Amino acid sequence: MSSSSRKKRPTWIPVVAGVISKEGKVLLGQRPEGSSLPGVWEFPGGKIEANESPEMALKRELEEELGIDAQVGPLLLSTTHQYGDVGIIILFFKVDYWKGEPRTHHHNGLRWVTKKEFQEIQLPDANQKVLPRLLESF
Ligand code: DGT
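Values in this document were obtained by computation on a predicted structure and should not be read as measured data.

1. What to know about the site of the ligand
For the ligand, the set of nearby residues contains 16 residues, the closest of which are Arg31, Ser36, Glu42, Phe43 and Asn127. Residue Glu42 places a side-chain N or O atom 3.1 Å away from a nitrogen atom belonging to the ligand. With respect to the ligand, the backbone of Phe43 contributes an N or O atom lying 2.7 Å from a nitrogen atom. If the ligand stood free it would expose 600 Å²; the protein chains cover 80% of that surface. More than half of the atoms of the ligand fall within 2 Å of the grid points belonging to the largest pocket.

2. Notes on the layout of surface pockets
For the largest pocket, the calculated volume is near 490 Å³. Taken together, 25 residues form the lining of the largest pocket, with Val15, Arg31, Ser36, Glu42 and Lys47 sitting closest to its centre. Here the lining of the largest pocket is built from residues that sort into 14 nonpolar, 6 polar and 5 charged.

3. Things to note about the pattern of salt bridges
A pair can form between side chains of opposite charge whenever their charged atoms are brought close. Counting across every chain of the model gives 8 salt bridges. A salt bridge links Asp69 to Lys59; its shortest N-O distance comes to 2.7 Å. Here Asp69 is found in strand E5 (residues 69–71), whereas its partner Lys59 is found in helix H2 (residues 54–66), with 10 residues between them in sequence. The class for Lys59 is partly exposed, based on a relative accessible area of 38%. A salt bridge links Arg111 to Glu120, with the shortest nitrogen-to-oxygen separation between them at 4.0 Å. Taking the relative accessible area as the measure of exposure, Arg111 reaches 28% and is therefore partly exposed. Members of the salt-bridge network, linked through shared partners, are Glu49, Glu52, Arg60, Glu61 and Glu64.

4. Considering the nonpolar core
Grouped together as the largest cluster of nonpolar side chains are 20 residues, with contacts concentrated most on Val19, Val26, Leu28, Phe43, Phe92, Phe118 and Leu134. Where this core is concerned, the elements lending two or more residues are strand E1 (11–22), strand E2 (25–30), strand E7 (86–95) and helix H4 (131–136). Filtering out sequence-adjacent residues up to four positions away, Phe118 remains in contact with Val26, Leu28, Phe43, Val113, Leu123, Leu131, Leu135 and Phe138. Among the nonpolar cores identified, the runner-up in size contains 15 residues, and Ile20, Ala70, Val72 and Leu91 belong to it.

5. Some points on unusual backbone geometry
Positive phi, close to 50 degrees, is recorded for Glu23, a residue that is not glycine. By the secondary structure assignment, Glu23 is in the loop between E1 and E2. Assessed through its relative accessible area of 77%, Glu23 is described here as exposed. One non-glycine residue with positive phi stands out, namely Leu37, at about 60 degrees. Assignment of secondary structure puts Leu37 in the loop between E2 and strand E3 (41–42). Under the relative-accessibility criterion, Leu37 is labelled partly exposed at 29%.

Rules behind the numbers
Residues numbered from 1 in each chain as written. Predicted model: local features only at pLDDT ≥ 70, side-chain atom pairs only at ≥ 80, totals over all residues. Heavy atoms only, no water. Near = heavy atom within 4 Å. Polar contact = N/O pair within 3.5 Å; in protein donor to acceptor, adjacent residues only side chain to side chain. Areas by Shrake-Rupley, 256 points an atom, 1.4 Å probe, with all protein chains shown as cover. 1 Å grid on protein atoms, 1.4 Å probe; cavity = no way out; pocket = protein on both sides within 12 Å on 5 of 7 lines; lining within 4 Å. Sits in = over half its atoms within 2 Å of the grid points. Points joined across faces, edges and corners; volume = space filled by probe spheres on them. Nonpolar A, V, L, I, M, F, W, Y, C, P; charged D, E, K, R; others polar. Salt bridge = Lys/Arg side-chain N within 4 Å of Asp/Glu carboxyl O. Helix = DSSP H or I, 4+ residues; strand = E, 2+ residues; numbered from the N terminus. Buried < 20%, exposed > 50% of the residue type's maximum accessible area, 1.4 Å probe, protein only. Core = buried A, V, L, I, M, F, W, Y, C linked by side-chain atoms within 4.5 Å. Contact = heavy atoms within 4.5 Å.

The following block contains the structure:
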């Protein structure tokens, strides 16, 4: 393969995200300035690091970002999305149980969102095609 054709192929990054739900609402965090997609509301989570299982990565991210000790539940669904020369493979896990109160250690803000409120919230494009299935899951 020539280097020019190799350049067009995206690097695929594995990402985990938690669907943290309570009483019909789900917790979203607003991505900070200086990150990719600033201001967009995301399911808390992040990139899987070397030598981590997806579940370990999500537990670590939720501790770092929200300060909670989460019990990572079942894998709900996964999807792929390509942004320019980066592709993400994102795994969404259900999180129903945790210790501690979620706080903003990383996000601009946190918000418990009802299904209805999702209509007016800006989510990453990567979440759009699986949104109906995510909404059914809590
Ligand atoms: P950056 O700014 O490229 O260094 O990325 P980080 O470290 O701020 O981003 P991180 O670790 O949260 O990686 C997650 C990637 O997945 C990021 O490119 C945004 C993308 N993404 C798409 N949908 C979601 C979502 O619902 N939750 C999270 N956490 N990330 C999402």
